[in-house]
Amino acid sequence: MSALRRDFSVDRQQVSRNRWLLWLAIAAVWWTLNGLATVSTYRGMSEVTWEHAIRVSMSSAWLWIPQTVFALWLAERLPLDQGTWRRRVPVYLLAVGAVIVLRAWIVFTTNQWVGWYTTLPSFGTVLTTSMANNILLFPLMAGLGHALVFARRYRERDEQLARVELQHLKMQLHPHFLFNTLNTVNAYVRSDPEVASGMITRLSELLRHALDSTGTQEVALQEELRVLGAYIDIEQLRFEDRLRVEWKIDPATLAARVPHLILQPLVENAVRHGIASRSAVGTISIAAARRNGSLHLQVSDDGVGLHHSPAGGAGVGLSNTRNRLQQLYGTGGSLEMEASETGGVCVNLTIPFRLAPQ
């Protein structure tokens, strides 16, 4: 495993190195072409020789190659995300100032070889000219860097979502749940064929829905609750009077977008770790409410509690759910688990409130 991780790390470093070499090559080609394109314009404005015009234009353009790579590097390392831009804007302002001063210093110290000015003015004059010429160009390069960074992020997020979706599909109907359901169906086939038929109907509905919506990432909460209801029907048939379910759904949230099949593993976790391990009647509560622009979903039980459930209740289902929230919403989604007021486990899920398309 350690060797595999080292190989993966080396591959990522190689990919990153190749990407930076590509950006360096693109910057070199772009600024070379830009310099050549400005030669005739500079010669016409200054009435200098072609040699002088080429020397000044190309020197000015090539100076932007390392500064462009620096702008791309800054966008890569310190992107202006929604939650960080206030802290990072001063860094970009400092970088703009540094580029202006650096270019002014280079022009001032190399004028005798390049010939930027026929008569070299004071450093203050050169600095003022550098500010006028470059104050917008570096932010433009940083903006290009952000476009590249965010485009790559979205591409990587789509790839990760595809992998998470495959993993989630495997976890949608846990083998343990399927095994128990089929055993229960077998037990009822002779004693109560009507109950067995109902369980088979609900199970086929769940399987059909899982297969038909493999690529779906978000659905309306109303649709999510409908599918969840089929799952709960099976569990209530299996546990008979030992399982009660309370629904506390704000009608204003029914049209909100939620990750597809996000609640089923949470309810399954509550059933397996909170209800199935005891003989007394257990209650699972499912709630949805809108607060401060966010949708709050909650699944709680009055079962054995955090200290008695395997791994503290933090099973694969919760880990899978937390990963999906991270991929879909970044810092805008969260999943927290705590002890419920009734002594069991309470899972709180928060995502941005957005309406599903009609």
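Structure: above.
Quick notes on the rules
Residues numbered from 1 in each chain as written. Predicted model: local features only at pLDDT ≥ 70, side-chain atom pairs only at ≥ 80, totals over all residues. Heavy atoms only, no water. Helix = DSSP H or I, 4+ residues; strand = E, 2+ residues; numbered from the N terminus. Buried < 20%, exposed > 50% of the residue type's maximum accessible area, 1.4 Å probe, protein only. Contact = heavy atoms within 4.5 Å. Areas by Shrake-Rupley, 256 points an atom, 1.4 Å probe, with all protein chains shown as cover. Expected span 1.5 Å × (residues − 1). Arc of directions from axis to C-beta. Patch = residues over 30% accessible without salt bridge, like charges linked within 9 Å, V, L, I, M, F, W, Y side chains within 5 Å. Salt bridge = Lys/Arg side-chain N within 4 Å of Asp/Glu carboxyl O. Axes fitted to C-alpha atoms, helices over the stretch in contact; angles between N-to-C directions. Parallel < 35°, antiparallel > 145°, perpendicular 65-115°, else oblique. Left-handed = near helix turned anticlockwise from the far one by under 90°. Pairing = 2+ DSSP bridges. 1 Å grid on protein atoms, 1.4 Å probe; cavity = no way out; pocket = protein on both sides within 12 Å on 5 of 7 lines; lining within 4 Å. Points joined across faces, edges and corners; volume = space filled by probe spheres on them. Nonpolar A, V, L, I, M, F, W, Y, C, P; charged D, E, K, R; others polar.

A. Region of the structure containing the overall build of the protein. A count of helical and extended segments in the protein gives 10 helices and seven strands. By residue count, 42% of the 358 residues in the protein fall in the buried class. Contacts in the protein between residues at least 24 apart in sequence constitute 72% of all its contacts with a sequence separation of at least 6. In the form shown here, the protein has an accessible surface area of approximately 20,200 Å², with 60% of it arising from carbon and sulfur atoms.

B. Helix H4 (residues 123-134), seen in detail. Between its first and last C-alpha atoms H4 spans 16 Å; for 12 residues at 1.5 Å apiece the expected length is 16 Å, and the two agree. Within the span of H4, buried status applies to Val126, Ser130 and Asn134. Along the axis of H4, the buried positions cluster into a sector of 45°, meaning they face one direction only. Exposed residues pointing more than 90 degrees away from the buried face of H4 are listed as Thr128 and Ala132.

C. Highlighting a nonpolar patch on the surface. A grouping of Val101, Leu102, Trp105 and Phe123 is seen on the molecular surface, where their side chains present a nonpolar patch of about 370 Å² in accessible area. With respect to the element layout, Val101 can be found in helix H3 (residues 85-114).

D. Molecular detail of the packing of helix H8 (residues 221-239) against helix H9 (residues 264-275). Running from N to C, H8 and H9 point in directions that differ by 20°, and their axes come no closer than 10 Å. In terms of their interaxial angle, H8 and H9 are classed as roughly parallel. Helix-helix and strand crossings are classified by hand; for H8 and H9 the assignment is right-handed. For the pair H8 and H9, contact is made by Glu224, Leu228, Tyr231, Ile232, Glu235, Arg238 and Phe239 and by Gln264, Val267, Glu268 and Val271, respectively.

E. A look at the sheet that holds strand S2 (residues 243-249). On the basis of which strands lie adjacent, the open sheet formed by five strands has the order S2-S4-S5-S7-S6 and mixed pairing. The outermost strands of the open sheet, each flanked by one partner alone, are S2 and strand S6 (334-339). Across the sheet, the mean angle separating the axes of adjacent strands is 15° when strand polarity is ignored. Pairing geometry for strand S4 (residues 282-291) and strand S5 (residues 294-301), over eight bridges, is antiparallel. Looking at S5, one finds that Ala288 is bridged to Leu297.

F. View of the layout of surface pockets. Considering only enclosed or pocket space, the second largest pocket measures out at about 650 Å³ in volume. Along the walls of the second largest pocket sit 23 residues, with Val56, Ser60, Arg103, Trp116 and Asn133 positioned nearest its centre. Breaking the lining of the second largest pocket down by element, the ones donating at least two residues are helix H1 (2-46), helix H2 (50-77), H3 and H4. At seven residues, the largest contribution of residues to the lining of the second largest pocket is made by H1.

G. Representation of the environment of Phe150. Among the structural elements, Phe150 can be located in helix H5 (residues 137-172). Aside from chain neighbours lying at most four places away, what touches Phe150 is Leu80 and Asp81.

H. Fine view of unusual backbone geometry. Despite not being glycine, Leu261 shows a phi value in the positive range, around 55°. Among the secondary structure elements, Leu261 is positioned in the loop between strand S3 (257-259) and H9. Unlike most non-glycine residues, Asn292 shows phi in positive territory, near 55°. Within the secondary structure layout, Asn292 lies in the loop between S4 and S5.

I. Spotlight on the packing of H3 against H4. Orientation of H3 relative to H4, taken along the N-to-C sense of each, is 130°, at an axis distance of 8 Å. On the basis of the axis angle, H3 is oblique to H4. Pair H3 / H4 crosses with right-handed handedness. Contacts between H3 and H4 pair Ile100, Val101, Arg103, Ala104, Trp105, Val107 and Phe108 from the former with Phe123, Val126, Leu127, Ser130, Met131 and Asn134 from the latter. Here the contact of H3 with H4 is composed, by residue class, of 10 nonpolar, two polar and one charged.

J. Summary view of the pairing of strand S7 (residues 345-352). Of all eight residues that make up S7, six are buried, and the element is covered over most of its length. Where S5 and S7 come together, seven bridges link them in antiparallel fashion. Bridge assignment links Val299 to a residue of S7, and that residue is Val347. Hairpin connection from S6 to S7: five residues lie between these consecutive antiparallel strands, with Gly343 at a positive phi of about 100°.

K. Quick look at the pattern of salt bridges. Within this structure, the stated rule accounts for 10 salt bridges. Arg226 is the salt-bridge partner of Glu205, the closest N and O atoms lying 3.1 Å from each other. Pair noted here: Glu205 is in helix H7 (residues 193-212) and Arg226 is in helix H8, with a separation of 21 residues, a long-range link. Across the pair Arg257 and Glu218 runs a salt bridge whose closest N-O atoms are separated by 2.4 Å. Of this pair, Arg257 sits in strand S3 while Glu218 sits in strand S1 (residues 218-220), and the two are 39 residues apart along the sequence. For Arg257, a relative accessible area of 25% puts it in the partly exposed group. Each of Arg19, Glu76 and Arg152 takes part in a single network of salt bridges with overlapping partners.

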